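If you want the building blocks of each chain, they are given just below.
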Amino acid sequence: MIQLVIAAVLIMGCLGLVLGLVIGFFAKVFKVETDPRIELVTELLPGANCGGCGKAGCSDFAKSVVNGENPPGKCPVSSKEQITAIAMALGVDPGSAFPRRAVVRCGGDIHQVNRKINYNGVLDCASANLISGGPKGCRYGCIGMGSCAAKCPFGAIEIINNLAVVHEELCVGCGTCAAVCPRGVIELVPMNSRVHVYCNSPEKGPEKRKNCKVSCLGCRKCERLAPEKFKVEGFLARVDYEADPPPTEEDVEKVGCPTGALLTASRHYEIETFDPEFSIK
Amino acid sequence: MKYIELAVGAILVYNFVLSRFLGICPFLGVSKRLSTALGMSGAVIAVMTLASAITAVIYKYLLVFTFNGKTYDLRFLQVLLFILVIAALVQIIEISLQKSSPKLYQALGIYLPLITTNCAVLGAATLNASGGRSVLDATLFGCFSGVGFALALVLFSSLRERLELAAPPRAFAGTPLALVTAGILAMAFIGFAGLC
Amino acid sequence: MNKSTRSVMTFKNGIYPVYHGKELSEGAATRIAPLLARYTVPVAQNAGKPPEVIVKAGDKVKKYQLIARASGFVSANLHSPVSGEVKGIIEVPGATGVPAQAVEIISDGLDEALPPLPEIDWKQADPKELLDRIAACGLVGMGGASFPTHVKLSPPPEKEIDTLILNGAECEPFLTADHRLMLEDPHAVLAGAAIMSRILGIDRIFIGVEMNKIDAIEVLQEKSASYGVRIVPLKVQYPQGSEKQLINAITGRDVPAGGLPMDARCVVQNIGTAAAAADAVIRGIPLVERIVTVTGPVVKTPGNWKLRIGTPVIEAVRLAEGVTEEPGKLILGGPMMGFSQRSFDVPTAKNTSGILLLSQDQAVNYESGNCIRCGRCVQGCPMHLMPCALAAAIESGRFDIAQQNHVMDCLECGACAYVCPAKRPLVQHHRRAKAEIRRQMQKK
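Residues numbered from 1 in each chain as written. Chains lettered and ligands numbered in written order. Predicted model: local features only at pLDDT ≥ 70, side-chain atom pairs only at ≥ 80, totals over all residues.

Let's talk about the interface of chain C and chain A
The parts lose accessible area when they come together, and the size of an interface is often stated as this lost area. Operational definition: Residue pairs are scored as contacts if the distance between their C-beta atoms, which are placed from the backbone, is within 7 Å. The way it works is that DSSP assigns letters per residue, a run of H or I at least four long becomes a helix, a run of E at least two long becomes a strand, and they are numbered from the N terminus. Classification used: nonpolar for Ala, Val, Leu, Ile, Met, Phe, Trp, Tyr, Cys and Pro, charged for Asp, Glu, Lys and Arg, polar for all others including Gly.
Counting residues at the interface gives 13 residues for chain C and 11 residues for chain A. Here the element with the most residues in the side of chain C that touches chain A is helix H14 (residues 426-443) of chain C; it accounts for 6 residues. For the side of chain C that touches chain A, the per-class residue count stands at 4 nonpolar, 5 polar and 4 charged.

Here it is, written out as structure tokens:
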């Protein structure tokens, strides 16, 4: 009996030794240098592969962080804590990316826009845009077929009454939506700006008015009353996102935009979600 | 004739995935893309063939031997030994793959080391042992079994590539639909029963 | 199918639209449109680079006067269709839905023309001289693509060309402009063909005409011998008038995937372009007017008019005595490949072959269903693509698969969508994919 046990142990031991040697040999011959830190950073990143950092995906970004090409803060999606964790793990400066947020610069939901075109095709913004410029009268506003909502990796865009509306608490500013929008209605703005012009049409005021009740008419009222915060380019007012301090609710009230294109983000959200029949008059 | 029978049996009639239901894990895990499925198939065929050959030799000449006029029967060690051999082989394949084709290595991910615990490979080895096959037969059986696995994987991944373009109800999208498809594919393979 | 139609030349696949609608206007002789008070001439009327406007507000122009000069090789001159005063460069609705720049000219009612350019004896003249004349007169393909004619007629020297094909198929339902042109001015068409063949230095010239224009075939055949042109009757099949299908039907050659007609040693021109070439060379006048079919079931008197370029569509509809009921859809071009319009202010251009007003019944809203895999689109596709599979790939955002399956070869002829029993918007999917793939290629 004891001999059997010894034989078993011997055979297992010898085989293990031989195989171990073979593996050792292979490991020596096929040696590949890998940096374990890349894996570590990949794990610490959110893994949404949104491409907001400009890299192909999270592991690609991790590689660039380890190489020192990008600071960890370049990831627009990670929270401050996550970025600090990565920076600490690598012992580098966290760096900073401007935390940004997407804004759909259009208030033209189904109640405000003249929909004279009988569109009967693919329900997809890029496709609709190719056919005579889509179903809405305005050729610059949100088409409202939800290509951005479908692509958003965070579920932060919802189509309400044919208009893309950003849920700000979910938006991390990765920019995926801005890349798919065929009309460039979506803009990434600094996180701390609370006031936006919800119009994207450079057309002349009367032209816009024909198509949409809440368009910016280019009346220059905002520029006159708060010149350091709003600028009118052509026939379209823009918020100066570099203004310090940024425009606030008081500024919006002070200006009193005659069509309601200039709004705070929270008021816009309120109108689109609860008060669709909104009219300034 | 015997070898044709062996081939038809291992590839079609007793297909490891679709008839014996062994090796389901990589079957579902790496069947999303045809290219990775092909890579995985190659790795499995190599591991299965080599493992069958080596385990057959060990089983035949190492586990039952006579020493000093006394016969030692160590066949109770077979599972342990087989796992040891397979693990070592997979390790070697992994190391060489990482060097020669890092892209495939990344695509296979965790499923590559998991071949170690792939029941299909161990299954081939134990089936050889219990069937009392010669070393040549065992090697061929391992190879054909690997081909059978590859066939199932390639078929399935092609189906899944097509399924990806369909718009099923949300609850079905992804793995549920893959499982249903796998079931139907397995049923189709029942049609080969009785061939040999 | 009886024996006589089987022997007629055609291409593989394609469809057979049941309702042709040509009877509405094919009997109406071409009438010259009266002078209007105002023309809005679109600047970009050619494929490639738009020409450079050389007039400004307040300038007096005469008919045939150059108002925009070609800004490169792939570009075409633009001439004033009327005498009067330039009011300005304005924005008008464009035929493709995107607003376009246009020169607004207010007619002075005199219709004074510049003296025509000297006649060229094309039988003796140098090919280069003929080509220069065609370029100077701003000729573009009048079938729809509006590719500058002089570019098409100067193939790169390494490409061997042996055949010139004139496209008189007019396969789109409703359109009859080319039909009337062949009937009424066969000499211009044939002379144009001969001029083009002289430029190319070849003597194999065909004119392909669909069998539903028997009278035109007879008229052309009678006169063709002296010009060395052969008339080829073609089966009534859509899209017979597409370049690649026409080449296949007449010569049996295939244009390689992604290739151009010259890869099959052919040059294809529209017969309208040929007639314009004859006008340019023999009469010395630039391209400022063309025959346009104004038709549709709701048009009071459908017919064919010789319209000057820049005529607003609303004026053309007035010529046809307006409509009998509220139209459901306005299309520039034919019903298969034309562009539906938002506005009646869109002006006609060198490539506008028809103005089509459909009734509200015809512009019905349909609901598109799921693909039932019947394969009719595959049978119908003249380019031998698989529209159903392409659309499935495109719908799930896999443009790479669509590209592998040659979506870029799609003609957008609409045959697949026409025959689809599930009414799937196949062409729109393909257009989307083509736009997307082109965008991605540009990025690289």
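There is more to say after this.
Focus: the sheet that holds strand S9 (residues 163-168) of chain C
All names here are of chain C. We count it as follows: A pair of strands is considered paired only if DSSP assigns at least 2 bridges between the two. Inter-axis angles, ranging from 0 to 180 degrees, are taken between N-to-C directions of lines fitted to C-alpha atoms, where helices are fitted over the stretch in contact.
Strand order in the open sheet formed by 4 strands is S11-S10-S9-S12, and the pairing between neighbours is parallel. The sheet terminates laterally at strand S11 (229-234) and strand S12 (266-270), the two strands that pair on one side only. The sheet shows a mean angle of 25° between the axes of neighbouring strands, direction not considered. In terms of strand pairing, S9 meets strand S10 (residues 205-210) through 5 bridges, oriented parallel. If you follow Gly168 over to S10, its bridge partner there is Val209. Each of S9, S10, S11 and S12 is contacted by helix H5 (residues 186-200), which is oriented at about 150° to S9, the strand it contacts most.

So, the pairing of strand S17 (residues 354-358) of chain C
Residues and elements named next belong to chain C. Selection rule: Three exposure classes are used, based on other C-beta atoms lying within 10 Å of a residue's own C-beta, which is placed from the backbone: buried for 20 or more, exposed for 12 or fewer, and partly exposed in between.
S17 sits mainly inside the fold: 5 of its 5 residues count as buried. Of the two faces of S17, the one holding Gly354, Leu356 and Leu358 and the one holding Ile355 and Leu357 are both buried throughout. Two strands pair when backbone bridges link them, and strand S13 (residues 289-295) and S17 are joined in this way by 3 bridges, in the parallel orientation. Following the sheet pairing, Val294 is matched in S17 by Ile355.

Here's the deal with the packing of H5(C) against helix H8 (residues 271-283) of chain C
Think of two packed helices as two axes; the pair is described by the angle between the axes and how far apart they sit. Residues and elements named next belong to chain C. Rule in force here: For classification purposes, an angle smaller than 35 degrees is called roughly parallel, one larger than 145 roughly antiparallel, one from 65 to 115 roughly perpendicular, and anything else oblique.
Put simply, H5 and H8 touch, their axes get as near as 7 Å, and they point 80° apart. It follows from the interaxial angle that H5 and H8 lie roughly perpendicular. In this structure, H5 uses Ala188, Val189, Ala191, Gly192, Ala193, Ile195 and Met196 to contact H8, whose residues at the interface are Ile271, Ala274, Ala275, Ala277, Ala278, Asp279, Val281 and Ile282. A class-by-class count of the residues in the contact of H5 with H8 yields 13 nonpolar, 1 polar and 1 charged.

Looking at the environment of Asp93(A)
All names here are of chain A. Relative to the assigned elements, Asp93 resides in the loop between helix H4 (80-90) and strand S1 (100-104). Given 10 C-beta atoms within a 10 Å radius, Asp93 is considered exposed. Along the backbone, Asp93 and Ile83 are 10 residues apart, and their C-alpha atoms lie at a distance of 9.9 Å. Once residues within four sequence positions are removed from consideration, Asp93 is found in contact with Pro71 and Ala87.

Here we look at the sheet that holds strand S3 (residues 52-53) of chain C
Residue and element names in this part refer to chain C. The 3 strands are arranged S3-S5-S6 in an open sheet whose pairing can be described as antiparallel. If you trace the sheet from one side to the other, it starts and ends with S3 and strand S6 (78-79), each paired once. The pairing of strand S5 (residues 66-69) with S6 spans 2 bridges and is antiparallel. Counted as the bridge partner of Ala68 is Leu78 from S6.

Geometric values such as these leave the question of function open.
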